[in-house]
Each structure stands twice: as structure tokens, then as C-alpha cells.
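# A closer look at the structure
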Amino acid sequence: MKPTAGILLLTALLLAAPTAWAKTYLSRAQAQKICFPKAGHFEWKAQRYTPAQAAALKRASGHKVIDPGIWYAVAYKDKNKKDVLGVLVFDRAWGKHELIDYVIALSPEGKVRQIEILVYRENWGDEIRRAGWRKQFVDKHSKSKLTLHRGIHNIGGATISCRNVTDGVRRTCHAWHLVVRPALVAAGRLPKLAANE
């Protein structure tokens, strides 16, 4: 028996159902203002990983690098681009079935200032938006324990979202030191690191 157009349409709607729950909490522009309220200028950049950078990032973070690069905004005090207040990194992680869009604000030292959830596309697991859960990441960096149940607490019913966002933050902290900061140093935006850093 061949499926009718009505059954095909119903099936398509059911398969698309998880995205019907999509909720946009913040735009990137709103996140910029929340994460860096004193910034007078933002410069968005997309930086492609070299094979060596991707390999180093995999070794450092413990995760295969799927995205070809990193997308971030440098937050400057003003349009002169002399005083870097930090960077805002756009990232995505899987929930149970759908992608979660979020941003990570990092200080010039590579410490997490805050995390903001931009878009959540499922009807479960969105407890990761709780301020208390996101606050756990503040001041974490590439040498911190950034693993679910080791440094970051879980939320029952949102384990997959918690784990994947935590892994994404860890990867981003390593990408800051391996890719983003060296690019800003080469552009003269940040000073070189001391030998012991």
C-alpha cells in the first residue's frame, strides 16, 4: 500500500516536531551587550583551523575537531581597536536531537567570563539556561577541570546538553590559547605571553 500525500505530510511534520520547540533567547547582538557591556566596538572573525591546529586542539581538548574553524568577535573598548576586553565565541553543541546555539565570553587571559544560551531547539534539557548552572564556568580556563561531574555539576534530565556544552566550553578554552590568542598577538592586539604562561 502506497502512502498518501496526507500521511507523507503528517510524517514530515512529526519528524520536524523537535524544531517546533525552538526558542530564541538572545540574538548575537544582544549577547554582545550582555557579555561585554563596556565594549564600544566588536569585530567578528572566522578563522579556519590549519591541520596542525586541528590536531593540537584534538590532543588538548580530548575531542575530535568537527568544525573547520572558529567564529568569534573581538570586543574592543572603542573603534581604535587598541584595548581588547575579550572575545565572544559562537559555538554549537548537540542536545538530545537538536543543536544548541550559545556563546562563550572569554577574558584576554582566556578565562570564561560568562556563557549565554542563544537558541534551544528541544522541549527538554533547557535547564542549562539556569544562571546557577552557567555560573559554574566563570573563571574556568584551559587548565581547569572542565568535564561533567568533574568540575561541572550535572542537571538531571539535561545530562546530554550539560555534557556537550561543557565539552564545547573546554574545546573553546583550548582554541583560545592555540588559535585565537596567537592571531591577536600577531595582529598586535594583545601582548605576547610570558615564557611561564
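Right above here is the structure, for reference.
What comes next is a walk through the structure.

Moving on to the packing of helix H3 (residues 51-61) against helix H5 (residues 159-186). Axis angle and axis distance: for two packed helices, these are the angle between their axes and the distance between the axes, and together they describe the pair. With their axes 9 Å apart at the nearest point, H3 and H5 run at an angle of 135° to one another. Regarding the angle of H3 to H5, the classification is oblique. Of the two elements, H3 crosses H5, and the hand of that crossing is right-handed. Only Arg-170, Arg-171, His-174, Ala-175, Leu-178 and Val-179 of H5 make contact with H3, whose side of the interface consists of Gln-53, Ala-56, Leu-57, Ala-60 and Ser-61. Across the contact of H3 with H5, the residue classes tally to six nonpolar, three polar and two charged.

With antiparallel pairing, six strands are arranged side by side in an open sheet as E1-E6-E5-E4-E3-E2. Each edge of the open sheet is held by one strand with a lone partner, namely strand E1 (23-24) and strand E2 (41-48). As judged from the six bridges shared by strand E3 (residues 69-76) and strand E4 (residues 84-94), these two strands associate in the antiparallel manner. Within E4, the position partnered with Tyr-76 by the bridge is Val-84. The sheet strands contacting H5 are E2, E3, E4, strand E5 (99-106) and strand E6 (112-120), and the helix crosses E4 at an angle near 140°.

Peptide bonds are mostly trans, and most non-glycine residues show a negative phi. Although it is not a glycine, Lys-81 sits at a positive phi angle of roughly 60°. Tracing the sequence through the fold places Lys-81 in the loop between E3 and E4. Here Lys-81 falls in the partly exposed class, since its relative accessible area comes to 22%. For His-149, which is not glycine, the phi torsion reads 80° and is therefore positive.

Here the focus is H3. Among the residues making up H3, those that are buried are Gln-53, Ala-56, Leu-57 and Ser-61. Buried residues of H3, viewed axially, fall in a sector of 115°; they line one side. Opposite the buried face of H3, at more than 90 degrees from it, the exposed residues are Pro-51, Ala-52 and Arg-59. Considering only its buried residues, H3 is in contact with E2 and H5.

The rules we used
Residues numbered from 1 in each chain as written. Predicted model: local features only at pLDDT ≥ 70, side-chain atom pairs only at ≥ 80, totals over all residues. Heavy atoms only, no water. Axes fitted to C-alpha atoms, helices over the stretch in contact; angles between N-to-C directions. Helix = DSSP H or I, 4+ residues; strand = E, 2+ residues; numbered from the N terminus. Parallel < 35°, antiparallel > 145°, perpendicular 65-115°, else oblique. Left-handed = near helix turned anticlockwise from the far one by under 90°. Contact = heavy atoms within 4.5 Å. Nonpolar A, V, L, I, M, F, W, Y, C, P; charged D, E, K, R; others polar. Pairing = 2+ DSSP bridges. Buried < 20%, exposed > 50% of the residue type's maximum accessible area, 1.4 Å probe, protein only. Arc of directions from axis to C-beta.

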